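Structural characterization, general
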Amino acid sequence: MPELPEVETVARDLVAARIAGRRVAETRVWWPRTLANSRPSSFDRALNGRQIVHIGRRGKYLVFSLADDLIMLAHLRMTGRLRLFEAWPNPPGHARLAWRLDDGRILAFSDARKFGRIWLLAADAPSPLDALGPEPMDNTFTADTLAQALRGRSLPIKPALLDQRIVAGLGNIYADEALWLARLHPLRRANSLSHDDCRLLRNAIRQVLRKALAGGGTSLGTGQGNFYGLQGQPGRNLPRLNVYRRTDQPCRRCHAPVRRMVLAQRSAHFCPCCQPEGKPGAVTPRSKPRR
DNA sequence: ACTTTACCCTGTAAGC
DNA sequence: TGCTTACAGGGTAAAG
(Lines give C-alpha, C1' and ligand atoms only; values in the text may rest on other atoms or scores of the structure.)
Protein backbone atom coordinates (compact mmCIF):
# COMPACT_ATOMS: atom_id res chain seq x y z
CA MET A 1 0.00 0.00 0.00
CA PRO A 2 2.20 2.75 -1.27
CA GLU A 3 1.96 5.93 0.77
CA LEU A 4 4.07 9.06 0.59
CA PRO A 5 7.43 7.44 1.42
CA GLU A 6 6.88 4.59 -1.02
CA VAL A 7 5.74 6.87 -3.85
CA GLU A 8 8.64 9.24 -3.18
CA THR A 9 10.98 6.24 -3.31
CA VAL A 10 9.63 5.29 -6.73
CA ALA A 11 9.87 8.88 -7.95
CA ARG A 12 13.52 9.03 -6.91
CA ASP A 13 14.13 5.62 -8.50
CA LEU A 14 12.74 6.96 -11.77
CA VAL A 15 15.02 9.98 -11.62
CA ALA A 16 18.01 7.81 -10.78
CA ALA A 17 17.18 5.53 -13.73
CA ARG A 18 17.27 8.64 -15.97
CA ILE A 19 13.70 8.27 -17.15
CA ALA A 20 13.32 12.04 -17.17
CA GLY A 21 14.68 13.45 -20.40
CA ARG A 22 13.60 10.45 -22.47
CA ARG A 23 10.86 10.54 -25.07
CA VAL A 24 7.96 8.11 -25.29
CA ALA A 25 8.23 6.09 -28.48
CA GLU A 26 5.21 3.81 -28.14
CA THR A 27 2.58 2.78 -25.59
CA ARG A 28 0.68 -0.43 -25.01
CA VAL A 29 -2.42 -0.86 -22.88
CA TRP A 30 -3.56 -4.27 -21.71
CA TRP A 31 -6.15 -3.10 -19.18
CA PRO A 32 -7.83 0.06 -20.51
CA ARG A 33 -9.58 0.90 -17.23
CA THR A 34 -6.19 1.80 -15.82
CA LEU A 35 -6.53 4.95 -17.92
CA ALA A 36 -8.67 7.23 -15.79
CA ASN A 37 -9.51 9.88 -18.38
CA SER A 38 -8.43 8.67 -21.78
CA ARG A 39 -8.67 5.75 -24.14
CA PRO A 40 -5.72 3.69 -25.35
CA SER A 41 -5.77 5.24 -28.82
CA SER A 42 -5.76 8.86 -27.66
CA PHE A 43 -3.31 8.01 -24.88
CA ASP A 44 -0.86 6.67 -27.45
CA ARG A 45 -1.44 9.59 -29.81
CA ALA A 46 -0.86 12.15 -27.06
CA LEU A 47 2.32 10.52 -25.77
CA ASN A 48 3.99 9.46 -28.98
CA GLY A 49 7.26 11.33 -29.40
CA ARG A 50 6.63 13.44 -26.31
CA GLN A 51 9.46 14.09 -23.91
CA ILE A 52 9.26 13.40 -20.19
CA VAL A 53 10.72 16.61 -18.81
CA HIS A 54 10.46 16.09 -15.06
CA ILE A 55 9.34 13.45 -12.57
CA GLY A 56 8.08 14.33 -9.11
CA ARG A 57 5.47 13.50 -6.52
CA ARG A 58 2.47 15.19 -4.95
CA GLY A 59 0.68 13.33 -2.16
CA LYS A 60 0.52 9.74 -3.36
CA TYR A 61 0.59 10.74 -7.03
CA LEU A 62 3.59 10.36 -9.30
CA VAL A 63 3.76 13.45 -11.49
CA PHE A 64 5.29 13.21 -14.95
CA SER A 65 5.68 16.67 -16.46
CA LEU A 66 5.70 16.26 -20.22
CA ALA A 67 6.63 18.58 -23.04
CA ASP A 68 3.99 21.01 -24.32
CA ASP A 69 2.38 21.55 -20.90
CA LEU A 70 1.03 18.05 -20.59
CA ILE A 71 0.91 16.26 -17.24
CA MET A 72 0.68 12.54 -16.62
CA LEU A 73 -0.33 11.38 -13.15
CA ALA A 74 0.07 7.85 -11.83
CA HIS A 75 -1.56 6.60 -8.64
CA LEU A 76 -0.40 3.17 -7.47
CA ARG A 77 -3.33 2.70 -5.10
CA MET A 78 -2.86 -0.72 -3.49
CA THR A 79 -0.67 -2.87 -5.69
CA GLY A 80 0.53 -0.62 -8.49
CA ARG A 81 4.19 -0.93 -9.40
CA LEU A 82 6.53 0.53 -11.95
CA ARG A 83 9.05 -1.82 -13.51
CA LEU A 84 11.66 -1.64 -16.24
CA PHE A 85 11.92 -4.25 -18.98
CA GLU A 86 14.30 -4.73 -21.88
CA ALA A 87 11.45 -5.86 -24.15
CA TRP A 88 7.66 -5.94 -24.12
CA PRO A 89 6.61 -8.35 -21.36
CA ASN A 90 5.03 -11.37 -23.00
CA PRO A 91 2.75 -12.50 -21.55
CA PRO A 92 2.17 -9.16 -19.82
CA GLY A 93 1.21 -10.83 -16.54
CA HIS A 94 0.04 -8.03 -14.25
CA ALA A 95 1.36 -5.29 -16.52
CA ARG A 96 -1.62 -3.05 -17.30
CA LEU A 97 0.12 -0.61 -19.61
CA ALA A 98 3.65 0.30 -20.62
CA TRP A 99 5.67 2.98 -22.30
CA ARG A 100 8.53 2.20 -24.67
CA LEU A 101 11.14 4.93 -24.39
CA ASP A 102 13.34 6.27 -27.14
CA ASP A 103 16.32 4.40 -25.70
CA GLY A 104 14.49 1.07 -26.04
CA ARG A 105 13.66 0.52 -22.40
CA ILE A 106 10.11 -0.42 -21.44
CA LEU A 107 8.59 1.24 -18.39
CA ALA A 108 5.60 -0.82 -17.26
CA PHE A 109 2.77 -0.05 -14.87
CA SER A 110 2.02 -3.37 -13.19
CA ASP A 111 -0.96 -3.76 -10.87
CA ALA A 112 -2.30 -7.08 -9.59
CA ARG A 113 -5.53 -5.63 -8.23
CA LYS A 114 -6.23 -3.13 -10.99
CA PHE A 115 -6.98 -0.27 -8.59
CA GLY A 116 -4.18 1.94 -9.91
CA ARG A 117 -4.97 4.79 -12.31
CA ILE A 118 -3.16 6.94 -14.85
CA TRP A 119 -4.34 10.43 -15.85
CA LEU A 120 -3.31 12.48 -18.84
CA LEU A 121 -4.04 16.18 -18.39
CA ALA A 122 -3.36 19.58 -19.81
CA ALA A 123 -1.33 21.56 -17.30
CA ASP A 124 -4.12 24.11 -16.84
CA ALA A 125 -6.97 21.58 -16.69
CA PRO A 126 -8.71 20.48 -13.48
CA SER A 127 -6.62 17.83 -11.79
CA PRO A 128 -6.94 15.34 -8.94
CA LEU A 129 -4.06 17.23 -7.36
CA ASP A 130 -6.31 20.26 -6.86
CA ALA A 131 -8.11 18.60 -3.96
CA LEU A 132 -4.98 17.69 -2.00
CA GLY A 133 -4.09 19.25 1.31
CA PRO A 134 -0.57 20.41 2.20
CA GLU A 135 2.53 18.33 1.64
CA PRO A 136 3.43 17.12 5.14
CA MET A 137 7.18 17.65 4.62
CA ASP A 138 6.72 21.23 3.39
CA ASN A 139 7.07 24.23 5.67
CA THR A 140 3.47 25.11 4.88
CA PHE A 141 2.37 22.14 6.99
CA THR A 142 2.39 23.55 10.50
CA ALA A 143 0.53 22.95 13.75
CA ASP A 144 -1.57 25.98 12.83
CA THR A 145 -2.55 24.75 9.38
CA LEU A 146 -3.32 21.30 10.77
CA ALA A 147 -5.47 22.77 13.54
CA GLN A 148 -7.23 24.90 10.93
CA ALA A 149 -7.92 21.85 8.73
CA LEU A 150 -9.33 19.88 11.67
CA ARG A 151 -11.55 22.72 12.85
CA GLY A 152 -15.22 21.83 12.71
CA ARG A 153 -14.49 18.20 11.88
CA SER A 154 -16.15 15.84 14.32
CA LEU A 155 -14.98 12.60 12.78
CA PRO A 156 -12.32 10.52 14.56
CA ILE A 157 -8.75 11.68 14.00
CA LYS A 158 -7.73 8.42 12.32
CA PRO A 159 -10.05 8.73 9.29
CA ALA A 160 -9.32 12.47 9.31
CA LEU A 161 -5.65 11.70 8.69
CA LEU A 162 -6.61 9.44 5.80
CA ASP A 163 -8.53 12.34 4.21
CA GLN A 164 -6.09 13.65 1.60
CA ARG A 165 -7.66 17.12 1.77
CA ILE A 166 -6.45 17.53 5.34
CA VAL A 167 -2.90 16.41 4.67
CA ALA A 168 -1.62 14.67 1.54
CA GLY A 169 0.21 11.37 1.49
CA LEU A 170 -0.78 9.49 4.63
CA GLY A 171 -2.28 6.01 4.38
CA ASN A 172 -3.24 3.40 6.91
CA ILE A 173 0.29 2.49 7.99
CA TYR A 174 1.67 5.95 8.71
CA ALA A 175 -1.59 7.31 10.11
CA ASP A 176 -1.49 4.61 12.79
CA GLU A 177 2.22 5.16 13.39
CA ALA A 178 1.86 8.93 13.69
CA LEU A 179 -1.02 8.63 16.17
CA TRP A 180 1.04 6.23 18.28
CA LEU A 181 4.00 8.59 18.29
CA ALA A 182 1.77 11.53 19.24
CA ARG A 183 0.01 9.39 21.90
CA LEU A 184 -3.40 10.12 20.40
CA HIS A 185 -6.21 7.56 20.38
CA PRO A 186 -7.58 6.87 16.86
CA LEU A 187 -11.11 7.63 18.07
CA ARG A 188 -10.32 11.10 19.38
CA ARG A 189 -12.59 13.54 17.61
CA ALA A 190 -10.57 15.65 15.17
CA ASN A 191 -11.93 18.91 16.57
CA SER A 192 -11.12 17.86 20.13
CA LEU A 193 -7.36 18.13 19.60
CA SER A 194 -5.70 20.94 21.50
CA HIS A 195 -3.14 23.13 19.80
CA ASP A 196 -0.47 21.16 21.63
CA ASP A 197 -1.98 17.92 20.30
CA CYS A 198 -1.80 19.36 16.78
CA ARG A 199 1.84 20.32 17.26
CA LEU A 200 2.69 16.81 18.53
CA LEU A 201 0.75 15.21 15.71
CA ARG A 202 2.30 17.40 13.04
CA ASN A 203 5.78 16.58 14.30
CA ALA A 204 4.92 12.88 14.61
CA ILE A 205 3.65 12.74 11.02
CA ARG A 206 6.85 14.30 9.74
CA GLN A 207 9.11 12.07 11.83
CA VAL A 208 7.32 8.88 10.80
CA LEU A 209 7.44 9.83 7.11
CA ARG A 210 11.07 10.96 7.26
CA LYS A 211 12.23 7.68 8.78
CA ALA A 212 10.14 5.58 6.40
CA LEU A 213 11.58 7.47 3.45
CA ALA A 214 15.10 6.94 4.76
CA GLY A 215 14.33 3.22 4.79
CA GLY A 216 13.05 3.21 1.23
CA GLY A 217 9.46 2.66 2.35
CA THR A 218 7.68 -0.20 4.09
CA SER A 219 7.28 -3.66 2.60
CA LEU A 220 5.02 -5.88 4.69
CA GLY A 221 5.79 -9.27 3.19
CA THR A 222 6.40 -10.82 -0.19
CA GLY A 223 4.40 -11.38 -3.33
CA GLN A 224 2.13 -9.33 -5.54
CA GLY A 225 0.49 -7.25 -2.85
CA ASN A 226 3.75 -5.99 -1.48
CA PHE A 227 5.61 -2.77 -2.15
CA TYR A 228 8.69 -2.81 -4.35
CA GLY A 229 10.74 0.01 -5.80
CA LEU A 230 11.49 0.44 -9.48
CA GLN A 231 14.35 -2.06 -9.35
CA GLY A 232 12.24 -4.59 -7.44
CA GLN A 233 13.82 -3.70 -4.13
CA PRO A 234 11.60 -4.05 -1.01
CA GLY A 235 11.51 -1.25 1.56
CA ARG A 236 13.43 -1.64 4.80
CA ASN A 237 11.12 0.22 7.17
CA LEU A 238 9.11 -2.73 8.54
CA PRO A 239 11.24 -3.17 11.70
CA ARG A 240 10.61 0.49 12.54
CA LEU A 241 6.82 0.09 12.73
CA ASN A 242 5.53 0.39 16.29
CA VAL A 243 1.86 -0.56 16.00
CA TYR A 244 0.81 -1.30 12.43
CA ARG A 245 0.05 -5.03 12.14
CA ARG A 246 1.55 -5.62 15.57
CA THR A 247 -1.74 -6.69 17.18
CA ASP A 248 -1.20 -8.40 20.57
CA GLN A 249 2.53 -7.71 20.44
CA PRO A 250 3.99 -5.56 23.22
CA CYS A 251 4.03 -1.80 22.79
CA ARG A 252 7.63 -0.67 22.43
CA ARG A 253 7.05 2.12 24.97
CA CYS A 254 5.01 0.47 27.72
CA HIS A 255 4.83 -3.24 26.77
CA ALA A 256 1.02 -3.31 26.88
CA PRO A 257 -0.35 -5.45 24.03
CA VAL A 258 -1.11 -3.49 20.87
CA ARG A 259 -4.81 -3.52 20.01
CA ARG A 260 -6.59 -3.53 16.69
CA MET A 261 -9.99 -2.07 15.93
CA VAL A 262 -11.95 -1.47 12.74
CA LEU A 263 -12.58 2.17 12.05
CA ALA A 264 -14.01 3.62 8.84
CA GLN A 265 -13.69 0.19 7.17
CA ARG A 266 -9.98 0.03 7.93
CA SER A 267 -7.93 -1.54 10.66
CA ALA A 268 -6.57 0.83 13.29
CA HIS A 269 -3.69 -0.27 15.51
CA PHE A 270 -2.92 1.48 18.77
CA CYS A 271 -1.62 1.07 22.29
CA PRO A 272 -4.52 1.36 24.77
CA CYS A 273 -2.07 2.42 27.46
CA CYS A 274 -0.04 5.07 25.62
CA GLN A 275 -2.99 6.37 23.62
CA PRO A 276 -5.85 6.79 26.10
CA GLU A 277 -9.21 7.48 24.54
CA GLY A 278 -10.38 10.05 27.05
CA LYS A 279 -8.54 12.36 29.31
CA PRO A 280 -8.84 11.46 33.00
CA GLY A 281 -11.90 13.03 34.53
CA ALA A 282 -13.33 14.05 31.18
CA VAL A 283 -14.53 10.74 29.83
CA THR A 284 -18.25 11.33 29.54
CA PRO A 285 -19.59 13.98 27.19
CA ARG A 286 -21.48 15.66 30.04
CA SER A 287 -18.54 16.06 32.40
CA LYS A 288 -17.32 19.62 32.61
CA PRO A 289 -13.81 20.40 31.42
CA ARG A 290 -11.61 21.36 34.35
CA ARG A 291 -9.83 24.66 34.17
C1' DA B 1 -21.76 20.49 4.61
C1' DC B 2 -20.37 16.71 6.86
C1' DT B 3 -20.13 11.62 7.76
C1' DT B 4 -20.81 6.82 6.69
C1' DT B 5 -21.19 2.98 3.61
C1' DA B 6 -20.67 0.25 -0.70
C1' DC B 7 -17.83 -0.71 -4.28
C1' DC B 8 -13.91 -1.76 -7.14
C1' DC B 9 -10.26 -5.95 -7.43
C1' DT B 10 -7.36 -10.28 -6.62
C1' DG B 11 -3.37 -12.41 -4.11
C1' DT B 12 -2.74 -14.33 0.21
C1' DA B 13 -3.77 -16.83 4.23
C1' DA B 14 -6.73 -19.08 7.27
C1' DG B 15 -10.29 -22.58 7.94
C1' DC B 16 -12.56 -26.90 6.94
C1' DT C 1 -4.35 -31.71 -0.61
C1' DG C 2 -7.92 -28.91 -2.39
C1' DC C 3 -11.68 -26.03 -1.93
C1' DT C 4 -14.10 -21.99 0.23
C1' DT C 5 -14.08 -17.84 2.70
C1' DA C 6 -12.22 -13.70 4.86
C1' DC C 7 -9.08 -10.10 4.62
C1' DA C 8 -6.10 -6.37 2.94
C1' DG C 9 -7.24 -0.89 1.81
C1' DG C 10 -6.98 4.09 -1.52
C1' DG C 11 -10.22 6.60 -3.37
C1' DT C 12 -14.73 7.71 -5.31
C1' DA C 13 -19.62 7.81 -5.47
C1' DA C 14 -23.79 7.32 -3.38
C1' DA C 15 -26.53 7.33 0.63
C1' DG C 16 -27.69 9.07 5.12
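Residues numbered from 1 in each chain as written. Chains lettered and ligands numbered in written order. Predicted model: local features only at pLDDT ≥ 70, side-chain atom pairs only at ≥ 80, totals over all residues. Heavy atoms only, no water.

**Points about the domain arrangement of chain A**
As a reminder, the rule being used: Boundaries between domains were set according to an automatic or database domain assignment. By definition, residues are in contact when any of their heavy atoms lie within 4.5 Å. For any pair of parts, buried area is found by adding up, for both, the accessible area (1.4 Å probe) each one loses once the two are put together. Any carboxyl oxygen of Asp or Glu within 4 Å of a side-chain nitrogen of Lys or Arg constitutes a salt bridge here. Any pair of N or O atoms that falls within 3.5 Å is considered a polar contact. Within protein, one atom must be able to donate a hydrogen and the other to accept it, and sequence-neighbouring residues count only if both atoms are side-chain atoms. Put simply, DSSP marks the helices as runs of H or I at least four residues long and the strands as runs of E at least two long, and each gets a number from the N terminus on. Throughout, the ten residues Ala, Val, Leu, Ile, Met, Phe, Trp, Tyr, Cys and Pro are labelled nonpolar, Asp, Glu, Lys and Arg are labelled charged, and all others, Gly among them, are labelled polar.
Entries for chain A in the domain assignment read domain 1 (4-131) and domain 2 (143-270). Contacts between the two partners involve 23 residues from domain 1, matched on the other side by 22 residues from domain 2. Both sides together, the interface formed by domain 1 and domain 2 hides about 1800 Å², and carbon and sulfur atoms give 63% of it. Per-residue buried area on domain 1 facing domain 2 is highest for Pro5, Glu6 and Arg81; these three make up 30% of the total on that side. Taken together, the links from domain 1 to domain 2 amount to zero salt bridges. Joining domain 1 to domain 2, the criterion identifies six residue pairs in polar contact (both at pLDDT 80 or more). Per-element accounting of the side of domain 1 that touches domain 2 gives the leading share, nine residues, to helix α1 (residues 4-16). Partitioned by chemical class, the residues of the side of domain 1 that touches domain 2 number eleven nonpolar, four polar and eight charged.

**Section: the nonpolar core**
Side chains of a nonpolar character, in soluble globular proteins, are inclined to be buried together. Which entries qualify depends on this criterion: Nonpolar core, defined: a set of buried Ala, Val, Leu, Ile, Met, Phe, Trp, Tyr and Cys residues in which side-chain atoms within 4.5 Å join the residues together. Partly exposed describes any residue whose relative accessible area lies between the buried limit of under 20% and the exposed limit of over 50%, with all areas from a 1.4 Å probe on protein chains only and scaled to the type maximum.
Judged by nonpolar contacts, the single largest core of 29 residues is most densely connected at Leu14, Leu62, Phe64, Met72, Leu82, Trp99 and Ile118. Going through the elements one at a time, α1, α2 (40-47), β2 (52-58), β3 (61-66), β4 (70-75), β6 (95-101), β7 (106-111) and β8 (117-122) are the ones with two or more residues in this core. Examining the composition of this core, we find that four residues originate from one element, α1, more than from any other. Beyond its immediate sequence surroundings of up to four residues, phenylalanine 64 is in contact with Leu14, Ile52, His54, Ile55, Leu70, Ile71, Met72, Ala74 and Leu82.

**Details of the protein's contact with DNA strand C**
As a reminder of what qualifies: Any residue with a heavy atom lying within 4 Å of a molecule or strand is counted as near it.
In the vicinity of DNA strand C there are 15 residues, among which Arg113, Phe115, Tyr244, Arg260 and Arg266 approach most closely. Sugar and phosphate atoms constitute 55% of the interface atoms of DNA strand C, taking the interface as everything within 4 Å of the protein. In the environment of DNA strand C, a sugar or linking oxygen lies 3.3 Å from a nitrogen or oxygen atom belonging to the side chain of arginine 245. Note that a phosphate oxygen of DNA strand C is positioned 3.1 Å from one of the side-chain N or O atoms of serine 267. When grouped by side-chain class, the residues that make up the surface near DNA strand C number five nonpolar, four polar and six charged.

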